[in-house]
Amino acid sequence: MEKINAVITGVGGYVPDYILTNDEISKMVDTTDEWIMGRIGIKERRILHEEGLGTSYMARKAAKQLMQRTNSQPDEIDLVIVATTTPDYRLPSTASILCERLGLKRAFAFDVQAVCSGFLYALETGANFIRSGNYKKIIVVGAEKMSSIIDYTDRATCPIFGDGAAAFMLEPTTEDLGVMDSVLRTDGKGLPFLHIKAGGSVCTPSYYTLENHMHYIYQEGRTVFKYAVANMANACEAVIERNHLSKDDIDWVIPHQANQRIITAVTQRLEIPTEKVMVNIERYGNTSAATLPLCIWDFEDKLKKGDNLIFTAFGAGFAWGAIYVKWGYDGKKEQ
Ligand code: UT7
């Protein structure tokens, strides 16, 4: 029997219209456009600021576009996986809300929570369902309303994050294409350096936690930066070596968009020239689980069937990894 692999057959995306500029952030906290551009590389980020809208709103827009571009009908979708750290509700899953909003009748759905590495984990999970032979169309979404967990009085975190969503369709193939290999890792020692202190089962919400801004992201940036560079570079090297790829064989590196300096450090270690590195951090900031598919959404027209892509991410946990993908089609699939 021929081996079945999971190939990406399309991408859809969505970012909110509202643009939060560095100049506006400079009015909220003691910072400057120069500092943010120089230290992080972000010019602006998108914010979903309409009241009553959550992550599933953006996920639905991205998934709708994906279904149009891949000519997929609601009753063809077998599974929906949503990578998110900013679910609409503590329960049920955002994926279940998305199923309803997309009118899916015979799918099952769940969320994956691995923060900035969520999309990597979700992509490999979805690929394995396809490889089982039992599933034909799987939607993998990365979607985040990071603005809902950011303290806009904290200059150390508020310039970094933005909102957005993007999604891939996974389908079976017997061609030598698709999600080829992954190196995924987790080290729980990262907890003190990047977390949200309250709102979970250890520290439930109270007036005290609200007054002390404990429902927002806390980060020791310098420590996270060091681990991010070393671990993303190591994961990429491991997956490149295991698949006997030379540096010249790699057409694109798609790094998590957390900091332009992290992206530069990782790709320099890998000796990958900047023209092969997808970067859109300047326009969207760090959209956590959405950064990787949003890069593909932006750069899709440049991709060719058979291109070798290395996706890599690092985030809270710590959780990180790299995935090797052979791209499935030429150019942009229009709506
Ligand atoms: O996606 C999840 C994973 N997260 C990451 O990968 C993020 C990794 N870390 C980073 O990207 C960087 O560490 C940050 C962007 C978060 C911070 O940049 P940094 O160059 O590491 O700055 P720092 O935290 O070491 O702070 C340097 C100085 C400090 O002042 P002092 O103590 O030296 O006087 C900060 O108070 O910069 C100050 N600072 C700012 N100044 C102006 C911190 N934030 C700001 C700001 N504007 N927004």
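- In the nomenclature of an unreviewed UniProt entry, the protein is known as Beta-ketoacyl-[acyl-carrier-protein] synthase III of Bacteroides intestinalis.
- The UniProt entry for the protein carries the following comment under Sequence similarities (unreviewed entry): "Belongs to the thiolase-like superfamily. FabH family."
- Recorded under Pathway (unreviewed entry), the UniProt text for the protein is reproduced unchanged: "Lipid metabolism; fatty acid biosynthesis."

1. Remarks on the sheet that holds strand S5 (residues 108-112)
Thought 1: Pairing within the open sheet is mixed, and its 5 strands lie in the order S1-S7-S6-S4-S5. One side of each edge strand has no neighbouring strand; the edge strands of this open sheet are strand S1 (5-14) and S5. Shown here is a sheet whose adjacent strand axes are inclined to one another by a mean of 20 degrees, direction ignored.
Thought 2: For strand S6 (residues 138-145) and strand S7 (residues 163-173), the ladder comprises 8 bridges, and the chain directions are antiparallel. Looking across to S7, one finds that Gly 142 is bridged to Ala 166.

2. Looking at the UniProt feature "active site" (unreviewed entry) in the protein
Thought 1: Within the UniProt annotation, "active site" (unreviewed entry) is assigned to Cys 116, His 256 and Asn 286. In terms of the greatest pairwise C-alpha distance, the residues named above, spread along 171 residues, form a tight cluster of at most 8.7 Å across.
Thought 2: Mapping His 256 onto the fold places it in the loop between strand S11 (252-255) and helix H8 (260-270).
Thought 3: Ignoring any residue separated from it by four or fewer positions in sequence, one finds His 256 in contact with Cys 116, Ile 263, Asn 286, Ser 288, Thr 291, Leu 292, Thr 312, Ala 313 and Phe 314.
Thought 4: Asn 286 gets classed as buried once you look at its relative accessible area, which sits at 4%.
Thought 5: Among residues more than four places away in sequence, those in contact with Asn 286 are Ile 42, Cys 116, Met 146, Ile 160, Phe 161, Gly 162, His 256, Gln 257, Ala 258 and Thr 291.

3. Regarding the packing of helix H7 (residues 221-242) against H8
Thought 1: Running from amino to carboxyl end, H7 crosses H8 at an angle of 35 degrees, the nearest separation of the two axes being 9 Å. Helix-helix and strand crossings are classified by hand; for H7 and H8 the assignment is right-handed. Here Phe 225, Ala 228, Val 229, Ala 230, Met 232, Ala 233, Cys 236 and Glu 237 of H7 come into contact with H8, specifically with Arg 261, Ile 262, Ala 265, Val 266, Arg 269 and Leu 270.
Thought 2: Taken together, the residues of the contact of H7 with H8 break down into 11 nonpolar, no polar and 3 charged.

4. Here's the deal with the layout of surface pockets
Thought 1: Approximately 180 Å³ is the volume found for the second largest pocket.
Thought 2: Taken together, Lys 3, Ile 4, Asn 5, Arg 131, Thr 174, Glu 175, Asp 176, Leu 177, Val 179 and Met 180 form the lining of the second largest pocket.
Thought 3: Across the lining of the second largest pocket, the residue classes break down as 4 nonpolar, 2 polar and 4 charged.

What counts and how
- Residues numbered from 1 in each chain as written.
- Predicted model: local features only at pLDDT ≥ 70, side-chain atom pairs only at ≥ 80, totals over all residues.
- Heavy atoms only, no water.
- UniProt positions renumbered as here; feature names shortened; annotations may be inferred.
- Pairing = 2+ DSSP bridges.
- Helix = DSSP H or I, 4+ residues; strand = E, 2+ residues; numbered from the N terminus.
- Axes fitted to C-alpha atoms, helices over the stretch in contact; angles between N-to-C directions.
- Contact = heavy atoms within 4.5 Å.
- Buried < 20%, exposed > 50% of the residue type's maximum accessible area, 1.4 Å probe, protein only.
- Left-handed = near helix turned anticlockwise from the far one by under 90°.
- Nonpolar A, V, L, I, M, F, W, Y, C, P; charged D, E, K, R; others polar.
- 1 Å grid on protein atoms, 1.4 Å probe; cavity = no way out; pocket = protein on both sides within 12 Å on 5 of 7 lines; lining within 4 Å.
- Points joined across faces, edges and corners; volume = space filled by probe spheres on them.

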